[in-house]
Amino acid sequence: MKSIYKISFLFGLIILVSSCQDNSKPNYQYMPNMYEPVSYGTYSESSAFKNGKEGQLPVEGTINRGFVPYDYPNTTEGYNLAKLNSKSPLDSISSKDMDKAKGLFEIYCAICHGNEGNGKGKLVTQGKFLGVPNYKDRQITVGSVFHVETFGLNAMGSHANQLSANERWLIAAYVIDLRSKL
């Protein structure tokens, strides 16, 4: 007797499920945007923006949060002005800051310039780069080192994307300290 109830229940369930399907009309979808999202092309016009433009531009005269403007241009004249006039905004550098600067120098600079700043880094000794300057032979200031870290010079690229302005000032102070030891 129990098996008849089970068979009739299963038969009724099959009829109920199959009766809901209609091939001429699709089934309802819960949150259809999850299944069929509205896609936007990467640089395409969109009604989501004002006047159907490709995107919104920042308000004129604004800068990114945390960005500190640097007043010297990426030119030889800018380098010379930074060398003469640019001073570090860091009031005093503690031994903890110098340890941090040493670590940053060893990560980003020592591979070419050497741990002592003598221009004999690992890439130079292996012959990958030639002509990396020794800090002892250069007339450098904190401002000129920061300028070169920001924009790069000759074969050295900019480190502005890898290091914040504060970290670049720390490394510049560390380079001047290294130079005094050579």
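This paragraph deals with the side chain of N134. Within the secondary structure layout, N134 lies in the loop between α6 (122-125) and α7 (142-151). Side-chain polar atoms of N134 contact the backbone nitrogen of K136, separated by 3.0 Å.

Moving on to the packing of aromatic side chains. Here the structure, examined in full by the defined rule, presents 6 aromatic pairs. Geometrically, the ring pair formed by F105 and Y135 is tilted, given 6.4 Å between the ring centres and 55° between the ring planes. Of this pair, F105 sits in helix α4 (residues 95-108) while Y135 is found in the loop between α6 and α7, placing the two residues 30 residues apart along the sequence. Judged on exposure class, the residue F105 and its partner Y135 are both buried. On the basis of an interplanar angle of 55° and a centroid distance of 5.4 Å, the ring pair of F105 and Y174 is categorised as tilted. Placement of F105 in helix α4 and of Y174 in helix α8 (residues 165-181) is noted, with a sequence separation of 69 residues between them.

Once that is clear, we can look at the pattern of salt bridges. Summed over the entire model, instances satisfying the criterion amount to 1 salt bridge. Across the pair D177 and K181 runs a salt bridge, and its minimum N-O distance is 3.3 Å. Residue D177 and its partner K181 are located together in helix α8, separated by 4 residues, close to a single helical turn. By relative accessible area, which is 61% here, K181 ends up exposed.

Looking now at α7. A large share of α7 lies buried, amounting to 8 of its 10 residues. Inspection of α7 places G143, S144, V145, F146, H147, V148, E149 and T150 among the buried residues, and these make up the whole buried set. The secondary structure elements touched by the buried residues of α7 are α3 (76-85) and α8. G152 sits one or two residues past α7 and shows a positive phi near 85°.

Assignment of secondary structure puts E167 in helix α8. The side chain of E167 sits in the buried core without any salt bridge; K100 is the nearest counter-charge, 4.1 Å away. Among the polar contacts listed, one links the side chain of E167 to the backbone nitrogen of S164, at a separation of 3.0 Å. Once residues lying within four places of it in the same chain are set aside, the contact partners of E167 are K100, L104 and Q162.

Parameters and conventions
- Residues numbered from 1 in each chain as written.
- Predicted model: local features only at pLDDT ≥ 70, side-chain atom pairs only at ≥ 80, totals over all residues.
- Heavy atoms only, no water.
- Helix = DSSP H or I, 4+ residues; strand = E, 2+ residues; numbered from the N terminus.
- Polar contact = N/O pair within 3.5 Å; in protein donor to acceptor, adjacent residues only side chain to side chain.
- Phe/Tyr/Trp six-rings, centres within 6.5 Å; stacked < 30°, edge-to-face > 60°.
- Buried < 20%, exposed > 50% of the residue type's maximum accessible area, 1.4 Å probe, protein only.
- Salt bridge = Lys/Arg side-chain N within 4 Å of Asp/Glu carboxyl O.
- Contact = heavy atoms within 4.5 Å.
- Lys, Arg positive; Asp, Glu negative; His and termini not counted.

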